[in-house]
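Overview (structure and organization)
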Amino acid sequence: MAFDIEMIKEVYAQTPVRIAAARKVVGKPLTLTEKILYAHLSEGAASQAFKRGTSYVDFQPDRVAMQDATAQMALLQFMQAGRSQVAVPSTVHCDHLIQAEIGADKDLSKAKDKNKEVYDFLASVSNKYGIGFWKPGAGIIHQVVLENYAFPGGMMIGTDSHTPNAGGLGMIAIGVGGADACDVMAGLPWELKFPKLIGVKLTGKLSGWTAAKDVILKVAGILTVKGGTGAIVEYFGEGARSLSATGKGTICNMGAEIGATTSIFGYDEKSAAYLSGTGRSDIAALANGIAEHLTGDPEVYAQPELYFDQVIEINLSELEPHVNGPFTPDLAWPISKFAAAVRENGWPAKLDVGLIGSCTNSSYEDISRAASLAQQAVDKKLVAKSEYTITPGSEQVRFTVARDGFLDTFDKMGGVVLANACGPCIGQWARHGAEKQERNSIITSFNRNFAKRADGNPNTHSFVASPEIVTALAIAGDLTFNPLTDTLTNSEGNQVRLDEPRGLELPTKGFAVEDAGYQAPAADGSTVQVLVAPTSDRLQLLDSFAAWEGVDLKGLKLLIKAKGKCTTDHISMAGPWLKYRGHLDNISNNMLIGAVNAYNDATNSVKNQLTGAYGEVPATQRAYKAAGIGSIVVGDENYGEGSSREHAAMEPRFLGVRAILVKSFARIHETNLKKQGMLALTFANPADYDLIQENDVIDINGLTTFAPGKPLEVVFHHANGTSHTVVANHTYNQGQIEWFKAGSALNLIKAKA
Ligand code: SF4
């Protein structure tokens, strides 16, 4: 079930040959990132020295992984591609649709009932097309991938923005939209702009309260949510080699929060130990055979500033535990400064809930270290003041930590074990009282803390920290508690201090599991029926989008000028909407409902230019669609940051939005828009954003001569009879222009198949 040793042998046979070819054309020592990228050039990509940040390059990934929310649309699209089997090993993981409410067993059985038609669809479509299927309860995609499929020197794409988790095991693993996954499963190359490279040199060694999570919390503070855009972050140095493979996974996972294309560590003894510990000694043996190719060249690491576009150095011995937030993951506070920040900013100091787990921090090591604190709470007669939940990353981890007594320890502290799934991390949290929208604080070991993400309450101040710090603060029930220096009063009135957490990187008795939750596909799926009920309100077979009409676009309406942060959560909200991920018409009713209208500072309230009345964004756009009028969306900086969901691109396309014009884009969302045949444009002069008025009528000119590197022209006709012409840049290459012309990338694939 677990890994495809023959595929890996083939990759490892090719790797030295391809790297040798790359050396000749690049003519200088190579980083690890370059080695893996060059080893995965597609057949058609001639060996050449690619320009970082500008060259578009075709790659051939080794694997595809999909989570259940995004897999629905990816596989509905794949069904349109005319193939009988997937071209590369692929898996589906049922983790996003399980709502956390009471505890693991009850929540899981409720989810199986509630999501039956989706699970049946995913199981049947996987069975038909040769895709491995991980059932609900089997675990969170990235943890399952790390345990079973990630391998050093490999390349994977995944329909989830935290796919980079596998970088902890030396894999280039990149989050993409379902349309990209569909291409690779159909056997087409996958295109990526050759990334810039950020090197992070880690010196020293972690100790005491500091954990791998603190490395990425610190990096997020340095680089901010935009600082990694277009770059791959490569970690190296003695400090890197001292981290466990799962700790490295945590760092790579949360690299998504700095906008990085992905993050990666080289192959080392810790990687080998993890591979062996998860039943893959044969892969470790193969990797040992080509170890020099699974790390950067020594010259690179000796003088990193000559080979990386940016270098950051962090001394792990001096690194403090961090708490990041609220509302953004890059607001980084060393624990020694956090209490003062809480007081100065007036954030609610009382901590309501501490949550550990998620794909970011749910390894055996994480849980064992958090459990060591829970045990202290019990031994020192401390009663946890906050609610406390634990999400194991996989059934294998859950079974093993249960066997080793950690779940009992959490139970004694009053913790609740949730299903092996995303749960509160993606808003699947039936949090009692959240609807009252009271100001409150929570702290999690997850990766994202945007407003409303966990419980839908905009007043929930969500902070991110390591599982150890989350546990300590949950015991204290107080955000201003610093476990490194402060004491707590126990039930007998004594002052007690929490000792440093302790844990194990890997279980001494090895991992164990009774039923990992895997279902292999049929060897021949030709007679397997894919289950989609025509009456379903959760699944809908797709129709093709119309091709471009061949002329410039005239007379468009301004749907919304979005102000400030507009993530894919704002464009296509998660939480209750997750259930419509396989039904484009229904999920389109959440389009842009979280975006702030620049003209009235309200969400989900825009002026309908046909009636003059204010209405909800999706309803207004449906009115334009019904009238046969196109529209555009204007946005601010880093538009579409966050999750990789292509729904955020498909919904506007489906409802008749023709272009998104913004100050800047997040990479994945920009690509998703292109795939769906939308125009993704940026202001040549970002200040032009201010010129746009609410009642404007808009033309987009230059489409008949649409060409790479040639800006388009957008004319805003104002209500007073004046107009402004704005230069709109784009990053379309010739192939992507063909997607636009055909109406979508899928339309082109289908034509070729
Ligand atoms: S970040 Fe959260 S929602 Fe996304 S895969 Fe990880 S656990 Fe699931």
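Placed above this text is the structure.
Residues numbered from 1 in each chain as written. Predicted model: local features only at pLDDT ≥ 70, side-chain atom pairs only at ≥ 80, totals over all residues. Heavy atoms only, no water.

**Concerning the overall build of the protein**
Quick note on the threshold: Going along the chain from the N terminus, every DSSP run of H or I of four or more residues is numbered as a helix, and every run of E of two or more is numbered as a strand. For a compact globule the rule gives 2.2 Å times the number of residues to the power 0.38, and the radius of gyration it is set against comes from C-alpha atoms. We call a residue buried when its accessible area falls under 20% of the maximum for its residue type, exposed when it is over 50%, and partly exposed in between, using a 1.4 Å probe and counting protein chains only. Throughout, a contact is declared for two residues whenever any of their heavy atoms are within 4.5 Å. All accessible-area figures derive from a Shrake-Rupley calculation using a 1.4 Å probe, and residue coverage is judged against the displayed protein chains alone.
The number of helices and strands found in the protein is 25 helices and 30 strands. Relative to the compact-globule value of 27 Å for 753 residues, the protein shows a C-alpha radius of gyration of 25 Å, a close match. When its C-alpha atoms are laid out on the principal axes, the protein stretches across 75 × 60 × 55 Å. Split into buried and exposed, the 753 residues of the protein put 63% on the buried side. Residue pairs in contact within the protein that sit at least 24 positions apart in sequence constitute 76% of those at least 6 positions apart. For the protein, the accessible area works out to roughly 25500 Å², and carbon and sulfur atoms hold 50% of it.

**Some points on the site of the ligand**
Going by this rule: Whether a residue is near a molecule or strand depends on its heavy atoms: if one lies within 4 Å, it is near. The classification used treats Ala, Val, Leu, Ile, Met, Phe, Trp, Tyr, Cys and Pro as nonpolar, Asp, Glu, Lys and Arg as charged, and all other residues, Gly among them, as polar.
Close to the ligand lie His96, Ile140, His142, Asp160, His162, Ser358, Cys359, Cys422, Cys425, Ile426, Asn447 and Arg453. Looking at the shell around the ligand, its residues break down into 5 nonpolar, 5 polar and 2 charged.

**Thoughts on the pairing of strand E10 (residues 262-265)**
For clarity, the cut-off: For two strands to count as paired, DSSP must find a minimum of two bridges between them.
Side chains of E10 alternate between two faces, with Thr262 and Ile264 and Ser263 and Phe265 buried alike. Here strand E9 (residues 231-236) pairs with E10 via 4 bridges, running parallel. The residue of E10 that forms the bridge with glutamate 234 is isoleucine 264.

**Side note on the nonpolar core**
As a reminder of what qualifies: We define the nonpolar core as a collection of buried residues of types Ala, Val, Leu, Ile, Met, Phe, Trp, Tyr and Cys that are connected through side-chain atoms lying within 4.5 Å of one another.
Counting 111 residues, the largest nonpolar core has Phe59, Met66, Leu75, Leu122, Met185 and Trp190 as the members making the most contacts within it. When neighbours within four sequence positions are excluded, methionine 185 is seen to be in contact with Val64, Met66, Leu75, Phe78, Gln85, Val86, Ala87, Ser90 and Ile131. Counting 48 residues, the second largest nonpolar core, distinct from the first, contains Leu655, Ile660, Leu681 and Ile692.

**Re helix H18 (residues 467-476)**
Every α-helix carries 3.6 residues per turn, so stepping three or four residues along brings you back to the same face. With 10 of its 10 residues buried, H18 lies for the most part within the structure. Among all positions of H18, only Pro467, Glu468, Ile469, Val470, Thr471, Ala472, Leu473, Ala474, Ile475 and Ala476 are buried.

**Section: helix H22 (residues 647-655)**
In terms of burial, H22 is largely enclosed, as 8 of its 9 residues are buried. The set of residues buried in H22 consists of His647, Ala648, Ala649, Met650, Glu651, Pro652, Arg653 and Leu655. Elements that come into contact with the buried residues of H22 comprise helix H3 (68-78), helix H19 (568-571), helix H20 (584-587), helix H21 (617-626), strand E26 (657-662) and helix H23 (667-675). Once H22 ends, the next one or two residues include glycine 656, with phi positive near 100°.

**Topic: the side chain of aspartate 95**
Short version of the rule: Two residue types count as positive, namely Lys and Arg, and two as negative, namely Asp and Glu; His and chain ends fall outside the count. When a carboxyl oxygen of Asp or Glu is within 4 Å of a side-chain nitrogen of Lys or Arg, the pair counts as a salt bridge. The definition of a polar contact used here is a pair of N or O atoms within 3.5 Å, where within protein one atom must be able to donate a hydrogen and the other to accept one, and adjacent residues in sequence count solely through side-chain atom pairs.
With respect to the helices and strands, the residue aspartate 95 is situated in the loop between strand E3 (90-93) and helix H4 (104-114). Lacking a salt bridge, the buried aspartate 95 has arginine 581 as its closest oppositely charged neighbour, with an N-O distance of 9.0 Å. A distance of 2.6 Å separates polar atoms of two side chains, one belonging to aspartate 95 and the other to histidine 96. When sequence neighbours within four positions are dropped, the list of residues in contact with aspartate 95 reads Gln67, Asp68, Gly139, Ile140, Ile141, Ala421 and Cys422.

**Quick look at the environment of glutamate 395**
For glutamate 395, the position within the fold is in helix H16 (residues 395-403). As for glutamate 395 and glycine 550, which are separated by 155 residues in sequence, their C-alpha atoms are 53 Å apart. The contacts of glutamate 395, once residues within four sequence positions are left out, are Gly137, Ala138, Gly139, Asn420, Val513, Asp515 and Ala516. Here asparagine 420 takes part through its side chain, which lies 2.9 Å from a polar atom of the side chain of glutamate 395.

**A few points about the environment of phenylalanine 121**
In this structure, phenylalanine 121 sits in helix H5 (residues 116-129). The class for phenylalanine 121 is buried, based on a relative accessible area of 0%. For the pair formed by phenylalanine 121 and tyrosine 364, sequence separation is 243 residues and the distance between their alpha carbons is 32 Å. Not counting residues up to four positions away in its chain, the partners in contact with phenylalanine 121 are Gln72, Leu75, Leu76, Met79, Val530, Leu531, Val532 and Leu539.

**Let's talk about the pairing of strand E30 (residues 723-729)**
By the bridge criterion, 2 bridges tie strand E27 (residues 679-683) to E30 in an arrangement that is antiparallel. From the neighbouring strand, phenylalanine 683 faces E30, where its bridge partner is alanine 728. Across 6 bridges, the pairing between strand E29 (residues 712-717) and E30 is antiparallel. Within the sheet, the bridge partner assigned to histidine 717 lies in E30 and is serine 723.

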